[in-house]
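Listed below are the residues making up each chain.
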Amino acid sequence: MYGSWTSPIDARTVAQHDGMPRWPSVVGDSTWWCEPRPAEDGRVTLVRRRADGPVETVLPAPWNVRSRVHEYGGRAYAARPDGSVVFADYADQRLYRMDPGGDPWPLTPAAARPAGLRYVEPFFSADGDEVWCIREEHHSDSPTDVSRALVAVPLDGSAADAPGLVRVVVADRHFLACPQVSPDGTQVAWIGWDHPHMPWDSSEVRVAPLHEDGTAGRPRTVLGGPEESVTQVGWLADGSLLVSADRTGWWNLHRVDPATGTVEDLCVPDEEFGGPAWMLGYRWFTPLADGRVLALHGRGSMRPGVLDPATGTLADLETTYPEWVGMLDAADGRVVGVAGAADRAYRVVALDTATGDCTTISEPDDTAALAGHLPKPQARTFPAAGGREVHAHVYPPRNPLFAAPEGEPVPYVVFVHGGPTSRSPMVLDLEIAYLTSRGLGVVDVNYGGSTGYGREYRDRLRESWGVVDVEDSVAVAEALVAEGLADPDRLAIRGGSAGGWTTAATLTSSEVFACGAISYPILDLTTWQKDGTHDFESRYLHSLVGPWPETAQRYAERSPITRAERLTKPFVLLQGLEDVICPPTQAERFLDRVAGRGIPHAYLTFEGEQHGFRREETIVAALEAELSLYGQVFGFDPPGVTRLELDA
């Protein structure tokens, strides 16, 4: 029966392939990138591959290349052709330098508070004596008592014991991102925004002159503002700025004269040329050596094209990868990026901008032997409440060794992505294949509020979080039932972070789903926005739910914790104990409301895990617990999986 099929894709296989390579860089004749290592306590290491050479691990355990700026981090290293590298280590968040053949040594001072000084988006100064980066400074126990600045750190290590030698270049808005020095070294540009805005709602391009003492002059805004989002800024060779901003309703490309503020709409189709800045360091476009620009663009999925800034003409490149991430880099005639497809997980690739040919740079994908067990997804658009349309990817069950029971509808699991301002790509995900190869269907919903479909689609979630996302998830499940594809009695919903919120909000407001898997969720809006989370998202709910305290009643009414008495379906709740974004206290208080009501459930906690699971053993335990829940509710015994004990 469905769910009981045997599969070579077990939880450990999934865990060993968890995560994606990030932040590739062209450095001389080498390509560098960050690589997750679930089997090494979930650390992120730095690797490189020289031309035609093997992949080399640059940093041994326990070094962990992860920044905690905004808690989500971003590009946390910068390397030079001589093999030296500067990186942020997760343990103490200091910047370290490592030269060829040597050990890492600190460049920045130890913070008075644990991880109180954090760094991200490092790049080397023109003279090579400094590394510039964004610094985040935590001043007290309050998660919002934080300041940020663009700083310059000496590369000789002198600031490690002398904090005063770290020079503040500019301290401007509460948030800074994407610092870029002009080609002639006389100006610096960046993206800034303030509370209560998020960068995808309202942000600005700021520009300031650079003085001879290495500090910036008075900043001015040249693009952006209320109801306008900027995702990337970069300098062109002629001294103008290339900006991805949504002033047209899409993150399109615009040219800005920094002296006059004159804006030219350079390339403005109804497509996205950018995405949400959950991490710092994304690059959806990068200049090429001949003056043209490589740019990712599209609706939903993104593909590469070459832009001529002189004419605004965009020529698409035909590649075998339909999904690209905003992690481009180009230098010395070489281009690298991160790309994937429905049958290939994300990998680092080298792109030939003349032919569109791609060469895999990262380790070869070893999932070829599993090809027959991998799902074949379909991109679908479904009707939703109020005449809306909602985008989703449908993954029917697939296993060459088993035939579908004749006339039996498929049990389906609705996947709800996090963010919520984010998007689920149609790229090979063994977590999905873990279920589909056992006879469960999966539908991954890009509900209203998801990115990739223009500002209007993104704004559907404005003050409607817990409504639109819930309605769209339910609508997709009901549409599959109406088509005869999904079993109405065997529907599940699952998600993590904001997806965990939607899962819990759905289970406490709808009877459509028979069970749910809730991971590191938000469950109480009121306490979460009152210093209950980190600074970056501490005012996020102003746009997602409504201004506080004017809409306080709305916060209470939508929170799963205040309507826990409506919950009637079994669930599993999975939580990292070091999570500062969605702290365990939310889960614990929710469980107190559920206790004694006879609802089968399990609560699994994981030491050493933060927001999102990175360790191999955690991923294995979480996946098997989830599958066991589905088995107990849907009436099948998953082979090789220990039965999850459910409390009532």
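Before going further, it helps to examine the sheet that holds strand β2 (residues 30–37). Across the sheet, four strands lie side by side as β1-β2-β3-β4; this open sheet has antiparallel pairing. The open sheet has two edge strands with one neighbour each: β1 (22–27) and β4 (55–57). Strand-to-strand twist in this sheet, taken as the mean axis angle between neighbours without regard to direction, amounts to 30°. Looking at chain direction, β2 and strand β3 (residues 43–50) are connected through eight bridges and run antiparallel. Within β3, the position partnered with Glu 35 by the bridge is Thr 45.

Looking now at the pairing of strand β32 (residues 441–446). When you tally the buried positions in β32, you get six out of six residues, the bulk of the element. Here β32 shows two buried faces, one formed by Gly 441, Val 443 and Val 445 and the other by Val 442, Asp 444 and Asn 446. As paired strands, strand β30 (residues 389–395) and β32 are joined by five bridges and run antiparallel to one another. Paired with Tyr 395 across the bridge in β32 is Val 442. Both strand β31 (residues 410–416) and β32 contribute to a ladder of five bridges, which runs parallel.

All right, on to the environment of Asp 52 then. Along the chain, the position of Asp 52 falls in the loop between β3 and β4. A sequence separation of 279 residues divides Asp 52 from Ala 331, and the C-alpha atoms of the two residues are 17 Å apart.

Here Arg 563 is to be found in the loop between α8 (552–558) and β35 (571–576). For the buried Arg 563, no salt bridge exists, and the shortest N-O distance to an oppositely charged side chain is 7.8 Å, to Glu 565. Arg 563 has contacts with Ala 505, Thr 508, Ser 509, Glu 557 and Arg 558, leaving out every residue within four places of it along the chain.

Turning next to the nonpolar core. Leu 241, Trp 465 and Phe 571 are the most contacted members of the largest nonpolar core, which totals 95 residues. For this core, the element with the most residues is helix α4 (residues 468–482), which contributes eight residues. Beyond its immediate sequence surroundings of up to four residues, Phe 571 is in contact with Leu 507, Gly 516, Ile 518, Phe 590, Leu 591, Val 594, Ile 599, Pro 600, His 601, Ala 602 and Leu 629. If you look at the next biggest cluster of nonpolar residues, it comprises 57 residues, including Val 151, Leu 296, Tyr 321 and Val 338.

Basis of the calculations
Residues numbered from 1 in each chain as written. Predicted model: local features only at pLDDT ≥ 70, side-chain atom pairs only at ≥ 80, totals over all residues. Heavy atoms only, no water. Pairing = 2+ DSSP bridges. Helix = DSSP H or I, 4+ residues; strand = E, 2+ residues; numbered from the N terminus. Axes fitted to C-alpha atoms, helices over the stretch in contact; angles between N-to-C directions. Buried < 20%, exposed > 50% of the residue type's maximum accessible area, 1.4 Å probe, protein only. Lys, Arg positive; Asp, Glu negative; His and termini not counted. Salt bridge = Lys/Arg side-chain N within 4 Å of Asp/Glu carboxyl O. Contact = heavy atoms within 4.5 Å. Core = buried A, V, L, I, M, F, W, Y, C linked by side-chain atoms within 4.5 Å.

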